[in-house]
Amino acid sequence: MKTIAIIGAGPAGMSAAIAAARKGAKVTVFERNEIAGKKLLLTGNGKCNFTNVDMHADFFSFEEGSHAELVMETMSTKAVCDFFADMGVLSTERKGCFYPFTGQSQTIQSALVKTMERLGVKLMTNTCIGEITRNNDQFVVHTDNKMMNFDAVILACGGKAAPKTGSDGFGYRLARGFGHTVSRTYPVLVQLQSDASNLKMVAGVRCYANVSAWVNGVKVASDYGELQMTDYGLSGIPVFHLSRFLSKEIEEGMHCEISVDFIPQISKAALNEFVSERIKTFYGEPVKTFPEGLVHSKLVEYMIKEQKIEASAMVLPENKDMLINLLEEMKDWRFLITGHKGFENAQVTKGGVLLEEIDENMQSKLIKGLYFAGEMVDVDADCGGYNLHWAWASGKKAGEEATK
């Protein structure tokens, strides 16, 4: 019976353990936390969006046609749902995202742990790894107080995002110990910071908007969704999406901006006529009443202050150009992005063990019997269940191949 050590009991590690055990291997999972899946419990605000209807390479950092895409495609959306259905977990779909029917990430975590137990997987929690060495064809895992031999090792230690859950980059040290290259890492799916003035005026405001990322004057990505204004900058799902295109660029000193269209329902081409009609409705009233019903009242106050529009200004035909300019600004309001909220607040790590050093079976090209899975590999993806899908698929692939 082949013996396999899995370092890390996160989503990828547990997926690998279940796949390997089902193939008849004797599996031991090492986890530094007191429980398995600690970070998993936090995903999706505790609701655990575990896959998505629309699953293709455009949502991932790897290129279409790469071997990483082939690994991702070894588990379709249906296969992931079936994977959990076989464990007794019913799923539900909302706007393309799949969640456990209970709405609790604990449902997913508990199902994985219990399935490992049924399959005889040995889970060693509160166990730190000192190093992993080679002894002939065996891997020697050094823990706090013992050494254990295995035929294969799967590194599924996670990245550096949310270090309080154990993802502190330790796995990268193990990978480097075997000669692997680890690219520079960046926090993604994270809030963005801006030095814009008067942000305290709009802190806490939530609104649906078109949001775009710009780097050195070039638009690199866009998204639509609920934006959240904060006293330090911007948050919300669309900002998390766009952070994937800005975190590295921010740290490299590039000029990064977020453009927000606060009134996407009105096209720029229609603004002239729209303003003319609206002047009739708000004729003679203060300008601050003009955007009422279009955007949040706090945003109106903020924008008028930023535009330095006089409090005494009135809605009059002779002020039409000023009113058009105000709405045009609302359709392309720029925030200079000066930073991000770091790995402590990030959901995912960008960067990691280079894909070119890993084959289509998730096995190291440098060390036979060494496999990788999940976030510690240089793969990241959008919000929406994509990162967890990669964890399930890469873990399953590594687990199955390690038994051969």
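Note: the structure precedes this text.
What counts, and where the lines are drawn
For every chain, the first residue of the written sequence is number 1, and numbering continues from 1 onward in sequence order. Totals for whole chains, interfaces and linings use all residues, but because this is a predicted model, local features are given only for residues with pLDDT of at least 70 and pairs of side-chain atoms are given and counted only at 80 or more. Side-chain measures were taken over the full set of non-hydrogen atoms in the model, leaving aside hydrogen atoms and water. Going along the chain from the N terminus, every DSSP run of H or I of four or more residues is numbered as a helix, and every run of E of two or more is numbered as a strand. Accessibility here uses a 1.4 Å probe with only protein chains present; expressed as a share of the type maximum, an area under 20% marks a residue as buried, one over 50% as exposed, and anything in between as partly exposed. Contacts are assigned to residue pairs with any non-hydrogen atoms lying within 4.5 Å of each other. Surface accessibility follows the Shrake-Rupley procedure with a 1.4 Å probe radius. Residue values consider only the protein chains on display as shielding. The charge count includes Lys and Arg as positive and Asp and Glu as negative, but it does not include His or the ends of the chains. A single reference atom marks each charge: NZ on Lys, CZ on Arg, CG on Asp, CD on Glu. The salt bridge definition used is simple: a Lys or Arg side-chain nitrogen within 4 Å of an Asp or Glu carboxyl oxygen. When DSSP locates at least two bridges between a pair of strands, those strands are taken to pair. Only the contacting stretch of a helix is used when fitting its axis, a line to C-alpha atoms as for every element, and angles between N-to-C directions run 0 to 180 degrees.

**Some details on the overall build of the chain**
A tally of helices and strands in the chain yields twelve helices and 19 strands. Per-residue burial over the chain gives 56% buried out of 404 residues. Pairs at least 24 apart in sequence give 74% of the contacts found in the chain among residues at least 6 apart. Surface accessibility of the chain: about 17700 Å² in total, with carbon and sulfur atoms responsible for 47%. Both charge centroids of the chain, one from 43 positive and one from 49 negative side chains, sit 6 Å from each other.

**Considering the pattern of salt bridges**
All chains considered together, the criterion is met by 16 salt bridges. In this structure, the salt-bridge partner of Glu375 is Lys39, at a minimum N-O distance of 3.0 Å. Residue Glu375 is located in the loop between strand E19 (370–372) and helix H12 (386–402), and its partner Lys39 is located in the loop between strand E2 (26–30) and helix H2 (43–46); the two are separated by 336 residues in the primary sequence. No difference in accessibility class separates Glu375 from Lys39, as the two residues are buried. Of the charged contacts, one joins Glu226 and Arg206 as a salt bridge, the two residues approaching to 3.7 Å between their closest N and O atoms. In this pair, Glu226 sits in strand E14 (residues 218–229) while Arg206 sits in strand E13 (residues 206–215), placing the two residues 20 residues apart along the sequence. A relative accessible area of 29% means that Glu226 is categorised as partly exposed.

**Quick word on the sheet that holds strand E5 (residues 97–100)**
Here we have three strands laid out as an open sheet, ordered E3-E5-E4, and antiparallel in their pairing. The sheet is open, and its two edges are formed by strand E3 (51–52) and strand E4 (91–94), each paired on a single side. Of the strand pairs in this sheet, E4 and E5 are connected by four bridges, and their pairing is antiparallel. Residue pairing across strands places Ser91 opposite Pro100, the latter belonging to E5.

**Some thoughts on the sheet that holds strand E6 (residues 122–124)**
Where strands meet in a sheet, backbone hydrogen bonds hold them as pairs that are either parallel or antiparallel. One open sheet holds the five strands; their spatial order is E6-E2-E1-E10-E19, and the pairing between them is parallel. Two strands bound the open sheet, and with one partner strand each, they are E6 and E19. Averaged over all adjacent pairs, the angle separating strand axes in this sheet is 20 degrees, with direction ignored. Pairing between strand E10 (residues 152–155) and E19: three bridges, direction parallel. Considered in E19, the bridge of Val153 is made with Leu370.

**Observations regarding the side chain of Ser167**
With respect to the secondary-structure elements, Ser167 resides in the loop between E10 and helix H6 (170–177). The exposure class assigned to Ser167 is buried, which follows from its relative accessible area of 7%. Contact partners of Ser167, with chain neighbours within four places excluded, come to Lys39, Cys157, Gly158, Gly159, Lys160, Ala161 and Ala162.

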